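A look at the structure
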Amino acid sequence: MHDAANASNNYKAKSVLAGKVLRKKGQGRLGQVISSMRTIAATVANTEEKDVPDVVTTEGPENIKATIDEMIRSNSDEIFFTAGDHPNVFGLFGDSSDARSHLPTKPLDGTLLVAPSRTVDEAQGIEDVLRIRVAEETDFKMIAALRLSVFSSQSDLSGEEFCDRSCQIITSRKGRGSVCLVASIPTQLQKRKAPEKNKMSKKVKDRIIGGVECSVHEFYGTKLGFSRPASTLLYITEVAVCPKARRCGIGTKLLKAIDIFARIRDVETLYLHVDVTNAAAIALYEQAGYVKVNRDDKHEDFTRSLNLHDGATKGRCHYLMSKNLRRPTLLPEKPTRTVKPGFEIICEPF
């Protein structure tokens, strides 16, 4: 009973500490986690004959896990945990209140980055009428369809499942600061070239044939992220061009749009990973000014944090490439320390 009482006090202390980080009292799904923890503490306090582990590992962990899983699925923005005092550090659920509160807000969704060089009537090819802009939420389904056409061979999901999952991921990543850029052509050009194949709604003004995603959260909590000021790095991923529209200069224009986007945000350095066997992509990136990065400790740490180190993803290997838009600002090295979340849940692993 004495052990149970001590355990109860520990749980109550942890619960109170966790409760202090709630932004809205009594609100948010994480409140369910706190409630579950308090229920466990009360159960332990009222139990005289059972050992603490038997109580803790009954319904409590399952309830907490279910609530956390639901929070992750819904990408809840109601609660953030901070971990340490560095602006790049992520907390328990992958976000830092400081990091997210300082996410860039420009350029706005829908901002045009690369304008068409000719009108539809004057166009000699799709590259002449190509426009690249910051994606809006209404574009997410078309972005998912584009990724299906490019990356479906790397997934075991069906087409519908792949698109649904892609939309969820895009939405979730957008909540963490990621931005998609999309390359599109007017639907009237598609009608003129292949009217019998066009089944797009009249409400759709353009068709997305290329895209790329720009993000910052991959650097949080990494040695590379700690070495540079916040928001001076940008990670490029999900570079995709519709298979039927390749070799038309769309990839080159997408990379140009990334540079424009990055300069608007005062980014200093761009990073991306590319499969070592993708010679065409490597040549494209090198032509745009990217260089292969020497694998020092901080860059290897960054690559491993994304699980892209050699052999990690179905035996594949990747180059890390970078491009400096201006002279990089380096921060002085700080002693490494273990980052701890705002509270700990003492129970058996989920």
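See the structure above.
Criteria and cut-off values
Residues numbered from 1 in each chain as written. Predicted model: local features only at pLDDT ≥ 70, side-chain atom pairs only at ≥ 80, totals over all residues. Heavy atoms only, no water. Salt bridge = Lys/Arg side-chain N within 4 Å of Asp/Glu carboxyl O. Helix = DSSP H or I, 4+ residues; strand = E, 2+ residues; numbered from the N terminus. Buried < 20%, exposed > 50% of the residue type's maximum accessible area, 1.4 Å probe, protein only. Contact = heavy atoms within 4.5 Å. Expected span 1.5 Å × (residues − 1). Arc of directions from axis to C-beta. Pairing = 2+ DSSP bridges. Polar contact = N/O pair within 3.5 Å; in protein donor to acceptor, adjacent residues only side chain to side chain. Right-handed = clockwise from strand over helix to strand, strands pointing away.

The next subject is the pattern of salt bridges. Tallied over the full model, the rule gives 16 salt bridges. Between Asp128 and Arg118 there is a salt bridge; the shortest N-O distance is 4.0 Å. Here Asp128 is found in the loop between strand S1 (112-114) and strand S2 (131-134), whereas its partner Arg118 is found in the loop between S1 and S2, with 10 residues between them in sequence. On the basis of relative accessibility, which here comes to 38%, the residue Arg118 falls in the partly exposed class. Between Arg133 and Asp139 there is a salt bridge, with the nearest N and O atoms lying 2.7 Å from each other. In this structure Asp139 comes out as buried when scored by relative accessible area, which is 4%. Linked through salt bridges whose partners overlap, the residues forming this network are Arg131, Arg133, Glu136, Asp139 and Asp206.

Once that is clear, we can look at the environment of Leu130. By secondary structure assignment, the location of Leu130 is in the loop between S1 and S2. Along the primary structure Leu130 and Pro186 are separated by 56 residues, whereas in three dimensions their C-alpha atoms are 8.1 Å apart. In this structure, Leu130 is in contact with Val114, Ala115, Pro116, Ala183, Ser184, Ile185, Ile209, Ile250 and Lys253, ignoring residues within four places of it in sequence.

Side chains three or four residues apart in an α-helix point the same way, a direct result of the helix having 3.6 residues per turn. Given a rise of 1.5 Å per residue, 16 residues ought to cover 22 Å, and the 22 Å separating the end C-alpha atoms of helix H7 (residues 159-174) matches this to within 8%. Looking at H7, one finds that the buried residues are Phe162, Cys163, Ser166, Cys167, Ile170 and Arg173. Buried residues along H7 cover an arc of 140° about the axis, so they all sit on one side. Buried positions along H7 lie against helix H6 (140-151), strand S3 (179-186), strand S4 (206-215) and strand S5 (233-241).

Position of Gln287 relative to the elements: it lies in helix H11 (residues 279-287). Placed 35 residues apart in sequence, Gln287 and Thr252 show a C-alpha to C-alpha distance of 8.8 Å.

This part takes up the pairing of S3. Burial of S3 is extensive: eight of the eight residues sit out of reach of the surface. Here S3 shows no split at all, with Val179, Leu181, Ala183 and Ile185 on one side and Cys180, Val182, Ser184 and Pro186 on the other all buried. Looking at chain direction, S2 and S3 are connected through four bridges and run antiparallel. In the strand pairing of S3, Arg133 is matched with Val182.

What follows concerns the side chain of His318. In this structure, His318 sits in strand S8 (residues 318-324). What makes His318 buried here is its relative accessible area of 7%. Looking at His318, its side chain comes within polar contact range of the main-chain oxygen of Leu308, at 3.5 Å. Not counting residues up to four positions away in its chain, the partners in contact with His318 are His273, Val274, Asp275, Val276, Arg295, Leu308 and Asp310.

The next subject is the pairing of S5. Bridge count between S4 and S5: five bridges; the pairing is antiparallel. Along S5, the bridge assignment pairs Gly210 with Val241. In this sheet, strand S6 (residues 269-275) lies alongside S5 in parallel orientation, the contact comprising four bridges. Looking across to S6, one finds that Tyr235 is bridged to Tyr271. As for the winding sense of the linkage, the β-α-β connection from S5 through helix H10 (residues 250-264) to S6 is right-handed.

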